[in-house]
Each structure stands twice: as structure tokens, then as C-alpha cells.
Amino acid sequence: MRKLLLLVGALLAVHVALLFVRPSGALEPPSSEGLDVGIVFDVGGRGDKSFNDGAYLGAMRAADSLGARVRFIEPGEGSDREAGLRLLAAEGMDLVVGVGFIFTDDLTLLAKEYPNVRFAGVDLAVANDAAGNPITPPANLAALKFREEEGSFLVGALAALLSRETRVGERAYRPTTRVGFVGGMDIPLIHKFEAGYRAGVRHVCPECTVVAQYAGVTPEAFRNPGRGKELALSQYQSGVNVIFHASGSTGLGVFEAARATGKLAVGVDADQYAEAPGHILTSMVKGVDAAVYDAIARAKAGTFRGGIQQFGLKEQGVGYVYDANNRALIPDALRARVEALRDSIVAGAIRVPAERES
Amino acid sequence: MIVVAFLAQVLRIVVPYLLAASGGVLSERAGIVALTLEGFMLTGAFTATLGSYYAGSPWVGLLAGIAGGVALALLLALATVRYKADQVVAGIALNLLAIGGTRFFLRYAFDSSSNSPRVPGFGGDGGGAVGAAATLAASAQNPLVWIGILTVPVVAWLLYRTPFGLRVRAAGEKPEAARSLGVPVARVRVLAVAGAGALAGLAGTYLALDQHQFTDGMTAGRGFIALAAVIFGRWDPKRVAFACVLFAAAETFQIQLQGAQLIPSQFVEMIPYVLTIVALAGVVGRSAAPAALGKAE
């Protein structure tokens, strides 16, 4: 009995102590001058080498060049995401940003509750009504969405063109018409990547086949490098030379397979060259930093508006990496061809599908 | 060639299942529910990465992986054997601890919430060879593959041919009777759980060293599939090994189909769990769990 009381006492003490936990960053309440921005990260937080780090970069850039005061909250696993957003909204922040589609419901709810606070959600999932039209988010909530299919189109074209080369960088390859794709969880968000990739492959190589596989049907599929490696090995063994992954850290297994077989892979979201130098052809990058910076800049300039904001090739919200690291892997002629495709997409001459053909 | 590729892939996939499920048999036959296999694996994967990173040797990683699994297993033993906590609750709690703990120390050690730096593993990189035979040869150079295969007969021998195994089975079937005959039930259970931690820790080690890094949550439910294999295999080491091979073959089959949607992938992912329910329903012969499974002494 005494033990139990002690335990309850200890838990109570911890509980009370937790009430005093404050988010990191500036502690003074927001003032009327300047711009106060609150950012709530997705699980993983900073150091995920992807979304959260991108949002952090964009916010820090806004802090430097726009003088915004930025506060970050890193929720743990579970339901304190909403609490983080609510805390920032209640303090009267000028802009509250949720990083990741996981915040969709919480942001939509809070935007209605706090009509005077501006909200932005990276990758916010916009639901469709019965007629299939997107339901516009509240006027103070911006959905920062990316045209992943456009960036995927370009890396698809690059992968297909490169698969027919006999030599990439310093390694020799047997030319092939098979190109690979490894997705994480089998959901529409990832189908966008596949659809764009397929369209890009088909555009430059009608006779090519895309081998597309998914790591699973649960969120675990984004964190299963073991499965990623096996999927990639079987694709490489079937003659594929280049695999594009859109699968979170499952893709690290794809890179491992590329190392083991001496083949090539395409990274996603951020520049992933460092994960397997020499084997990462390029990465399809999403400009989360640019989108977050843009939202903050608009809030400062007074031009912030809610609704869906798309970041595609034109807005430089998506793209592919071409720099000193991978220049040796991509012949100039191919680079020129892909750049021409980019111009056509930006000009509207090529329309990239965002959904798979069924 | 396709057959070789298939077998090589089944082998790579089955090794962590064999290790973890053999550990699960040991634990459950002693009467302790093996819900924490997932946590043992994840912890083992992380400590193995640490060991391999700081010592620069996969063998140190292997020892560290065992140590990590055993450490968490001893916590489970402390809670369930010493303090007689509910095994299911304690098991789930320790799984959560493993997820949060590895994430915390990943950030602490490597300043990343995603993955560790590259660490040394066993065997070569495959030397850039693509063929199925080459990957099979690479597996053959990995001592963990051999340990995984040998674990099955060793655990079977331990359970059925040694005094310790008899005590384990007694502790899992009728702990009161065992104690009245002078068997130190608590100590036997602690040892069996520690053994499960060591084997599942090795399973995690295999995953981490095969990837040459730790990634957050990298076990991705394999511990639960191993537990399903334990139940489907009716707590017998050899039948459990067969179940592991069956599950691995189903996975391989799906991978080798290369996206051809002959069977929906949802269905293939269900197989281990459906078979487990089928086994529990008694469709494939009597399925009797150790009588004292989940009960305090």
C-alpha cells in the first residue's frame, strides 16, 4: 500500500512538473510589432533530413531576412500535436504552421476556432466533397501542396534515358527498358509520385516498362529498410538499372541494394546523395523550406491568403538535384533533354497526371 | 536462376524471423508471453549499431546487439517475474519504451531522428555483383545467417534434451508442481526470457548490420510476425521454424511478382495473422498453449 502511494505521489509530481514545461524558443508573449511564427513539427522532429528539417530551414531564413520571431514545438508520439498548435494559436501568433499531412484535421478545426490567426499546413490533405471537387479550406488556412508528379516526371524521364546508356559515370551497365519504382505505403499521396514517374518514363521511352512496387499497406511501410532492400534487389536482378523511391526511410534499403549491386537509385524529398555517394543519380526534391518561407513572407507583407497553394516546377516547389556531386553521372545531352521537358511543363505544353491510370 | 533468386531471398528474410521466433518459443514455453520480441529486436538493432560504430567491428556489434536484447528482457523479467506485473501490459509498455528509447538515443548519439551513420557489417558489399548466386554467396559469408539456422536445432535440443529445458517446460505448464519439486521457477523464467532477449537482439542485429545502419523503427513489425509464427507453430521449435519459412516465402513470392497484382498486397500482408487465427481456432490440429502462459507463478 505504501509503495502504491509512493508511486502515485511520484506520478503526481511528474504530472505537475510537466505542467510547467514550456516549448523551446522565445518565452516572451507575442507583441504587436514584428511577426510571430509558431511551427509544430511532425513526429521525428528536427534531424529527419526531410520535411521537418526543410521547414526549419525555411523558418530560420525568414527569421534572418524578415525578422520573424519563430518558435518551434516538437510533439512526441500521440495526440499532443493538437495541443501544440492550440497553444501557439491561443498565444496570438501571427502564423501557425503544421508540418506534415498528419495535421490536416487539427489545423482545419483550429482555423475555425481561431479565425484571427493565420494557419498553414505543409502537405495538408484537402478532402473532396461528394461530387469530387476539393473542399476549400477556411480563409485563414493555407494548404501548402506540392506537385510531386511534376518533379517525378522529370526524374522518370532521366531514369528512362539513363537506363539505355551503357556507361554511367565510371561503371558499365547493360542497357535496359525496365525502370524501377519503390513506394512506401500504398496510398494516393504516393501514387502521385508513381503517376508522374510513369508519365515521364513513357514520354521519352514509349517501349519502356515501369516496375512499380510498394513496401506495404500500413504506415510501417515508410520505415522498413529491410523490405526496401529486398524489393530493390529483386528489381535490380530483373534487369532494372535505376530505381526511384518515394518511401521514407524504407528507401535507405533501396540505396543499400544499389550499393550492393553497383546500380543506381533516385532519392526523394531532400537531396539524399550523401546516403550512398556514387549511387544516387539525383533526388526529386520538395521545397518545403521555400513554401514555409513563402507563407511567412506573405504573412508579413499582408498578402497571406487561405486555400490551396500549389508548388510545382514553375514555383520551384519541386525539382531535381543537379550539382557537383552527380554531374559526372548525368551526360550533358540528357541534362539538356530533361531541362527542355521542364520548360515544356512550366509552359503548360506537357500536362503531368497526378493519378495513376486504373 | 529464378529458383536460386527465390531461395536466396527467402533465406535473407527468414533469418530474423527464425532468431526472434526461437527466442519466443523459449520465453513462452517458460510461461512468459513473448509480446516484447519487437522491442527486443529494435533495441538489439540499435545497440548493435552503436557497438559496430564505436568499435568499428561487426563482431562487437553482434555482442552489443545481444546485450541490448538481454537488457530489455531483464527489465521484462523484473516486472513480470519479480514484481508479478501483468505480462501483456508490461510487454506492451516495454515495446513503447524500446521505440521511444531508441529514438531518443539515436538523436543523442548521432543528432538525427531518422538514421545512424553507416557502420561496418558482415560480408562484402556483394562487390557490385547483381546475380542471385552472388547474393546467396554474400549471405553465406554472414555469420548471423548461420547462427539463425543453427538456432532452431539448438533451441529444440535445449528444450527437449536438457534438464534446463525440462525445467523451462515445467515452469510454463505447472509452476506450482515444479516448485514443489524444488525447481527454482523464478530463476528459470528469468533465464528463459533473457535467452529470448538475446536471440531477438540477434535478429535486430541482423537487420541493422545488413543495412549497415540503424533507422528509426526499422523492425517494422517483424517481432509480431515472429510471435505469430510461434503460435502457428504450436510452440514447437521445428514447427515454428517451418512457420517462419512459410511466412518468408509468402513475402518473397509477393516481392518476386514485381508489382503484378495477381494477389492484392493487403492479402499477402494478412497471411501470418490469418494463419495464426486459423491455428488458434484449432483448424490444423489441437493448439495448446503452455498451460501457465501469461500467469504469474
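Quick caveat: nothing in here was measured; it's all calculated off a predicted structure.

A. Layout of empty space enclosed by the protein. Under the counting rule described, the total for this entry stands at four cavities of 30 Å³ or more. Lining the second largest cavity are 13 residues, with Gly226 of chain A together with Arg12, Ile13, Leu207 and Arg222 of chain B positioned closest to its centre. Of all elements in the fold, only helix H7 (225-237) of chain A together with helix H1 (2-29) and helix H9 (185-211) of chain B reach the threshold of two or more residues within the lining of the second largest cavity. Taken together, the residues of the lining of the second largest cavity sort by class into five nonpolar, two polar and six charged.

B. Examining the pattern of salt bridges more closely. Inspection of every chain in the model, using the stated rule, returns 24 salt bridges over all chains. Two residues, Glu194 of chain A and Arg356 of chain A, come together in a salt bridge whose shortest N-O distance is 3.0 Å. Taken as a pair, Glu194 of chain A in helix H6 (residues 188-204) and Arg356 of chain A in the segment after helix H10 (332-347) lie far apart in primary sequence, 162 residues in all. Of the charged contacts, one joins Arg103 of chain B and Asp216 of chain B as a salt bridge, the two residues approaching to 3.0 Å between their closest N and O atoms. One end of the pair, Arg103 of chain B, is in helix H4 (residues 87-110); the other, Asp216 of chain B, is in the loop between H9 and helix H10 (222-232), and 113 residues separate them in sequence. Here Arg103 of chain B and Asp216 of chain B have matching classes, each one buried. Salt bridges linked by common partners bring Asp123, Glu148, Lys192 and Lys286 of chain A together as one network.

C. A look at the interface of chain B and chain A. Each partner contributes residues to the interface: chain B has 41 residues there, and chain A has 44 residues. When the buried area of chain B at its contact with chain A is split by residue, Val130, Gln211 and Gln258 of chain B rank highest and sum to 19% of it. At the junction of chain B and chain A, the tally comes to six salt bridges. Measuring nitrogen to oxygen at the nearest pair gives 2.7 Å for the salt bridge that ties Glu230 of chain A to Arg12 of chain B. Residue assignment for the side of chain B that touches chain A shows that the elements contributing at least two residues are H1, H4, helix H5 (132-140), H9, helix H11 (237-256) and helix H12 (265-280) of chain B. Here the residues of the side of chain B that touches chain A sort into nine nonpolar, 22 polar and 10 charged.

D. Up close: the layout of surface pockets. Residues and elements named next belong to chain A. Space inside the second largest pocket adds up to approximately 1,000 Å³. Those elements that place two or more of their residues in the lining of the second largest pocket are strand E5 (141-146), helix H5 (148-163), H6, strand E13 (307-311) and H10. Here the lining of the second largest pocket takes four residues from H6, the largest share from any one element. In the lining of the second largest pocket, the residues fall into 16 nonpolar, five polar and 11 charged.

Parameters and conventions
- Residues numbered from 1 in each chain as written.
- Chains lettered and ligands numbered in written order.
- Predicted model: local features only at pLDDT ≥ 70, side-chain atom pairs only at ≥ 80, totals over all residues.
- Heavy atoms only, no water.
- 1 Å grid on protein atoms, 1.4 Å probe; cavity = no way out; pocket = protein on both sides within 12 Å on 5 of 7 lines; lining within 4 Å.
- Points joined across faces, edges and corners; volume = space filled by probe spheres on them.
- Helix = DSSP H or I, 4+ residues; strand = E, 2+ residues; numbered from the N terminus.
- Nonpolar A, V, L, I, M, F, W, Y, C, P; charged D, E, K, R; others polar.
- Salt bridge = Lys/Arg side-chain N within 4 Å of Asp/Glu carboxyl O.
- Buried < 20%, exposed > 50% of the residue type's maximum accessible area, 1.4 Å probe, protein only.
- Contact = heavy atoms within 4.5 Å.
- Buried area = accessible area lost by both parts, 1.4 Å probe.

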